[in-house]
Amino acid sequence: MKTTLRTDITVKDICDGFVYNELEGKGLYGLSGTLTIQPEYQRNYIYADGKKDVAVIDSVLRNYPLGLIYFNKLKDGRLEVLDGQQRITSLGRYVTGKFAIKDANGMPQYFGALATDLQERILNTKLLIYECEGEESEIKEWFRTINIAGIPLNAQELRNAVYSGPFVTLCKAEFSNSQNANVQKWSAYIAGAVNRQDYLERALEWVSGGKVESYMSNHRFDNNINEVKAYFNSVIDWASGVFPEVENEMRGLEWGRLYEKYHHQAYNPKEIWKKVKELYADSYVKNRKGIFEYVLGGCVDTKLLEIRLFDDATKKSVYAKQTNEAKEKGVSNCPYCAIGNDNNRTKIWVLKDMDADHVTAWSKGGTTDISNCQMLCKSHNRAKGNK
Ligand SMILES: [Zn+2]
């Protein structure tokens, strides 16, 4: 790979012909059209938060260095931004009046309203740019390893870079596009940010059974994403069909896995939701995220709910009562040991070798209070829990 350091390019040059696409969330072109700011393998613009974008302009106004920028020089002489796209897009968006910075009094200042000397200072700022020339594979491999833009690329952004092509382009138009009207609906089930590729990552994870990279590699040059879309929609449609309403805890569940495991079973959505509401109202349920799989699995696996346990005071008090009574009768303080035939029949267990047990199981309406607590030796408690 050949690199050339350029120090002659100014913000004004870069912003000449700057185009920003709101729909895709991308800075597109600069340098009079010869620079592609966001090639396919670049992530979306994520600095538009009123902080990172403003910080770029503040840095320039204070003559702070903006850091190195890398361009990839293509065989036809055109340039692509390899690293620095967020900074360049911030400059372009500011100069074209897309956002404001704040002046010393906290008043918003758009570029057009800045004093002329400050405008000039921005436009005449020279950038430090490395132009790199090399084979695509070489450049991409290197791109994988650079991390100088402040926010490291996440796993899916890296995959989009490595497997760039028509398939990724179509995927991003569908799953990384915050203007897509479906995003609102999807966000009930999917956690994370559209522009950080979290939705796309889920879609690919689901369709590939978790083998995202090999799936992207196999489909890299496909001209459609029908399979990804169909599978994704099946999962979402199934989830919204089985659970007719939405709760916060549904967001970010492993819907792909749940779909695979449960979608062949028939459910009555009305009854399902009644059960969900009941469990939401149950103060013994600690893990609300577990409610959905618990219900899908027929309300059997209470481990999913992390039912509230007895507290230490309750355990100690029940232990003391049980042990006193057992000693008087000359039997074990574990009621199950006491009715057995082996050596443990008269064994007095110490507190740390016993566990608290619900006399009436929580799933059968038993409460987690002292009236429903008994202490069992660990092996009997385990044996009872497994029934
Ligand atoms: Zn026992």
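Report follows, based on the coordinates. Because the structure is a prediction, the values reported are computed rather than measured.

Description of the overall build of the protein
Next, step 1: Helix and strand content of the protein: 17 helices and eleven strands.
Next, step 2: For 387 residues, the compact-globule estimate of 2.2 N^0.38 gives 21 Å, and the protein exceeds it by more than 25% at 31 Å.
Next, step 3: For the protein, the spread of C-alpha atoms along the principal axes amounts to about 95 × 50 × 40 Å.
Next, step 4: Burial analysis of the protein (387 residues in total) assigns 45% to the buried set.
Next, step 5: Of the contacts formed within the protein by residues at least 6 apart in sequence, a portion of 63% connects residues at least 24 apart.
Next, step 6: Accessible surface computed for the protein: about 20100 Å², of which carbon and sulfur atoms make up 49%.
Next, step 7: Across the protein, 52 positive and 50 negative side-chain charges occur, with their mean positions spaced 6 Å apart.

Things to note about the coordination of the zinc ion
Next, step 1: Protein coordination at the zinc ion: the donors are C334 (SG), C337 (SG), C377 (SG) and H380 (ND1), at 2.0 to 2.3 Å from the metal.
Next, step 2: Geometry at the zinc ion is tetrahedral, judged from the four donor atoms that bind it and their angles of 100 to 116 degrees at the metal.
Next, step 3: Here the donor residues of the zinc ion share one chain and are spaced in sequence as C-x2-C-x39-C-x2-H.
Next, step 4: Its relative accessible area of 3% is what places C337 among the buried residues.

Re helix α12 (residues 255-262)
Next, step 1: Listed as buried for α12 are W255, G256, L258, Y259 and Y262. Projected onto a plane normal to the axis of α12, the buried residues spread over an arc of 165 degrees and lie on a single side.

Observations regarding the packing of aromatic side chains
Next, step 1: In the structure shown here, the tally under the stated rule is 19 aromatic pairs.
Next, step 2: Grouped by ring-pair contacts, the aromatic residues Y189, Y231, W238, F243, W255, Y259, W273, Y280 and F292 constitute a single cluster.
Next, step 3: Across the ring face of Y20, the terminal group of R93 is positioned such that the distance to the ring centre comes to 4.6 Å.

Conventions we followed
- Residues numbered from 1 in each chain as written.
- Predicted model: local features only at pLDDT ≥ 70, side-chain atom pairs only at ≥ 80, totals over all residues.
- Heavy atoms only, no water.
- Helix = DSSP H or I, 4+ residues; strand = E, 2+ residues; numbered from the N terminus.
- Rg over C-alpha atoms; globule rule 2.2 N^0.38 Å.
- Buried < 20%, exposed > 50% of the residue type's maximum accessible area, 1.4 Å probe, protein only.
- Contact = heavy atoms within 4.5 Å.
- Areas by Shrake-Rupley, 256 points an atom, 1.4 Å probe, with all protein chains shown as cover.
- Lys, Arg positive; Asp, Glu negative; His and termini not counted.
- Charge placed at Lys NZ, Arg CZ, Asp CG, Glu CD.
- Donors = N, O, S within 2.8 Å, 3.2 Å for Na, K, Ca; no water.
- Tetrahedral: all angles 85-135°; square planar, octahedral: opposite > 155°, others 65-115°.
- Arc of directions from axis to C-beta.
- Phe/Tyr/Trp six-rings, centres within 6.5 Å; stacked < 30°, edge-to-face > 60°.
- Lys NZ or Arg CZ within 6 Å of the ring centre and 35° of its normal.

Interpretation in functional terms is not warranted from these geometric data alone.
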